[in-house]
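# Descriptive structure summary
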Amino acid sequence: MTLFPTRPERMIALRYLRTREQDGFISFIAIFSLIGVALGVATLIVVLSVMNGFRGELYNRILGVNGHIQVAPEKGVISDWEPLVTRLAAIPGVTAVTPVAERQTMVTVEGLTRAITLRGIRPEDLESREIIARNLTGGGLAGFTDKPNPIVLGDRLRQALGVRFGDQIRVTAYVRDDKGAVQTRPVTYEVVAGFLTRRMEFDLNLAFIPLDLFQEDFGLAEDAVTAIDIMIADPARAADMVPLVRQRLERDGLRVSDWRTRNARLVGALELERVMMFLILGLIVLVASMNVIASFTMLVRTKGRGIAILRTMGATRGGVVRIFFLASASIGVVGTLVGAALGLLICANMKALGTFLTAVTGGPMRSGEVDFLASLPVRVDMREVAAILILALALSLAAAIYPARRAARLDPVEALRYE
């Protein structure tokens, strides 16, 4: 028995798909089943692509400030860091190695005190951090080298403190003496620039000063840092490169971690959200597939006389199966292809769509809300698109099996008994 429908079978299947007056309600259901499959597929593609864009933007902001891989001491500081930086920079795939020193401290301005994360970094390393250098809200990084006591603040922190560029702020520096006691002293810095990463934990709490100034003010030796950040060409391979980094360190007492490990809760939550959205939106396609089953099961009942005539004229059970399988499966297949085209078209023209909606709404009260649509980050993952197409096609083909088998089981004698 051949698995592929012959030309007469294709013609009969196409005839069953045409709208006729007595089958109008059934055709109405079939059309809306097609629309349901198309909208389900398009919604899945658009929503998952927007989620991919948001997730990518979030990861870029995290990784733009922190390293893909971080080397930190199990306790104390990392001494004699320059040979380590040289060895780590020689690893294939490593694009930058940055020594940093970091402390949690307090900043005070006119009686207002806030807790901040103060990070010491070399000027050239700060300039190479694109998320900082390209998102300055004022001032300039030139002052990070030229000024005697410069500091670069997250812009939300600067606004919370109420300071302007060029103002002085006081930071509490603390060092341990020879007996291990902690001593504090105020240190004054000049605000030379501000940055806005659009991630609250950085914009509201993070500040940078030159590494040598940090070492001097916080009592660190010139060859001591608290961590080494490593940037690599492919952040997705960070976990695979951790063993190689450990091997190149050639030193005990150091802990190596990748960015996914350090942000395990956030990464896990985003991955779970993506899976749940895929399952929830996939139910739209499932419901549309159930409508295909309902509409073509009713079609089999109304076409009982025609099926019986086909059987008496020599059509086999397999031929009847192929006719109704082709008719019902075509609804899902066409809906899937239309939905995929629609979803990809929306993703490719999200900005234009936002501009159009802004023009349609017209009023200033709504324009800000619609402008958000134009700025949605969209990142289409073709592997996800393929998974969506496979899911939709599988559900559509599975939905076509029942009405086709039901038509094949119809007894011609019973169907024509009262004709």
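Here the structure is shown first, and the text comes after it.
For the structure given in this document, a descriptive report is provided here. (Residues numbered from 1 in each chain as written. Predicted model: local features only at pLDDT ≥ 70, side-chain atom pairs only at ≥ 80, totals over all residues. Heavy atoms only, no water.)

### With respect to the overall build of the protein
- Along its length, the protein carries 18 helices and 12 strands.
- Restricting to contacts in the protein with at least 6 residues of sequence separation, those with at least 24 account for 79%.
- Counting every atom, the protein has about 22,000 Å² of accessible surface; 58% of that belongs to carbon and sulfur. (Helix = DSSP H or I, 4+ residues; strand = E, 2+ residues; numbered from the N terminus. Contact = heavy atoms within 4.5 Å. Areas by Shrake-Rupley, 256 points an atom, 1.4 Å probe, with all protein chains shown as cover.)

### Topic: unusual backbone geometry
- Positive phi values are uncommon outside glycine, yet D80 reaches one of about 50°.
- Structurally, D80 is set in the loop between β2 (78-79) and α3 (81-89).
- The class of D80 is partly exposed, set by a relative accessible area of 39%.
- One non-glycine residue with positive phi stands out, namely R198, at about 65°.
- The class for R198 is exposed, based on a relative accessible area of 56%. (Buried < 20%, exposed > 50% of the residue type's maximum accessible area, 1.4 Å probe, protein only.)

### A closer look at a nonpolar patch on the surface
- The grouping of I31, F32, I35, L39 and L342 at the surface amounts to a nonpolar patch, some 440 Å² of accessible area in total.
- Top element by residues in the nonpolar patch is helix α2 (residues 24-65). It accounts for four residues.
- Position of I31 relative to the elements: it lies in helix α2. (Patch = residues over 30% accessible without salt bridge, like charges linked within 9 Å, V, L, I, M, F, W, Y side chains within 5 Å. Salt bridge = Lys/Arg side-chain N within 4 Å of Asp/Glu carboxyl O.)

### Some details on the side chain of Q215
- Relative to the helices and strands, Q215 resides in helix α9 (residues 211-217).
- Using a relative accessible area of 6% as the deciding quantity, one classes Q215 as buried.

### A short note on the pairing of strand β1 (residues 69-73)
- The buried fraction of β1 is high, at four of five residues.
- Pairing between β1 and strand β11 (residues 227-232): three bridges, direction antiparallel. Bridged to V71 within β11 is I228. (Pairing = 2+ DSSP bridges.)

### Digging into the nonpolar core
- In terms of nonpolar packing, the biggest core is built from 51 residues, with V71 and I228 touching the most fellow members.
- Sequence-distant contacts of I228, defined by excluding residues within four places in its chain, comprise I69, Q70, V71, I78, W81, L84, V85, L88, V97, T98 and P99.
- Counting residues in hydrophobic clusters, the runner-up holds 17 residues, among them I45, L48, M51 and I388. (Core = buried A, V, L, I, M, F, W, Y, C linked by side-chain atoms within 4.5 Å.)

### Looking at the side chain of E384
- Structurally, E384 can be placed in helix α17 (residues 382-408).
- Taking relative accessible area as the criterion, E384 reaches 13% and is therefore assigned buried.
- A distance of 2.8 Å separates a polar atom in the side chain of E384 from a polar atom in the side chain of N52.
- The contacts of E384, once residues within four sequence positions are left out, are L48, N52, R55 and R274. (Polar contact = N/O pair within 3.5 Å; in protein donor to acceptor, adjacent residues only side chain to side chain.)

### Some thoughts on the packing of aromatic side chains
- Tallied over the full model, the rule gives three aromatic pairs.
- Here the aromatic rings of F195 and F208 are separated by 5.8 Å at their centres, their planes lie at 55°, and the arrangement is tilted. Pair noted here: F195 is in strand β8 (residues 182-195) and F208 is in strand β9 (residues 206-210), with a separation of 13 residues, a long-range link.
- Taking 4.5 Å as the distance between ring centres and 15° as the angle between the ring planes, the aromatic pair formed by F214 and F218 counts as stacked.
- We classify F218 as buried; its relative accessible area is 3%.
- Here the aromatic cluster, defined as three or more aromatic residues joined through ring pairs, consists of Y174, F214 and F218. (Phe/Tyr/Trp six-rings, centres within 6.5 Å; stacked < 30°, edge-to-face > 60°.)

### Notes on the environment of V175
- Counting through the fold element by element, V175 comes out in strand β7 (residues 168-176).
- Looking at V175, the relative accessible area reads 22%, which means it is partly exposed.
- Spatially, the C-alpha atoms of V175 and G219 are 5.5 Å apart, while their sequence positions differ by 44 residues.

### Details of α3
- Those residues of α3 not exposed but buried are W81, L84, V85 and L88. The arc that holds the buried residues of α3, viewed along the axis, is 100°, so those residues lie on one side. Of the exposed residues in α3, those oriented more than 90 degrees away from the buried face are E82 and T86. (Arc of directions from axis to C-beta.)

### A few points about the pattern of salt bridges
- Under the definition given, this model contains 12 salt bridges.
- Close ionic contact of E124 with R122 constitutes a salt bridge, the shortest N to O distance being 3.8 Å.
- Here E124 falls in the partly exposed class, since its relative accessible area comes to 45%.
- Its salt-bridge partner being R274, residue E384 comes within 3.2 Å of it at the nearest N-O pair. Residue E384 is found in helix α17, and its partner R274 is found in helix α12 (residues 264-302); the two are separated by 110 residues along the sequence.

### With respect to the packing of α3 against helix α10 (residues 238-249)
- For the pair α3 and α10, the least separation of the axes is 9 Å and the interaxial angle reads 135°. Regarding the angle of α3 to α10, the classification is oblique. The handedness of the crossing between α3 and α10 is right-handed. Across the interface between the two elements, L84, R87 and L88 of α3 pack against V245, R248 and L249 of α10.
- When the residues that make up the contact of α3 with α10 are grouped by side-chain class, the tally is four nonpolar, no polar and two charged. (Axes fitted to C-alpha atoms, helices over the stretch in contact; angles between N-to-C directions. Parallel < 35°, antiparallel > 145°, perpendicular 65-115°, else oblique. Left-handed = near helix turned anticlockwise from the far one by under 90°. Nonpolar A, V, L, I, M, F, W, Y, C, P; charged D, E, K, R; others polar.)

### Some points on α10
- Here α10 spans 16 Å end to end across 12 residues, near enough to the 16 Å set by a 1.5 Å rise per residue.
- Among the residues of α10, those classed as buried are A238, M241, V242, V245 and L249. One side of α10 carries all its buried residues, which in axial view fall inside an arc of 130°. Exposed positions of α10 whose direction lies more than 90 degrees from the buried face are D240 and Q247.
- Next to the buried residues of α10 lie β1, α3, β3 (94-109), β11, β12 (254-258) and α11 (259-262).
- At the C-terminal side of α10, E250 shows a positive phi close to 55°. (Expected span 1.5 Å × (residues − 1).)

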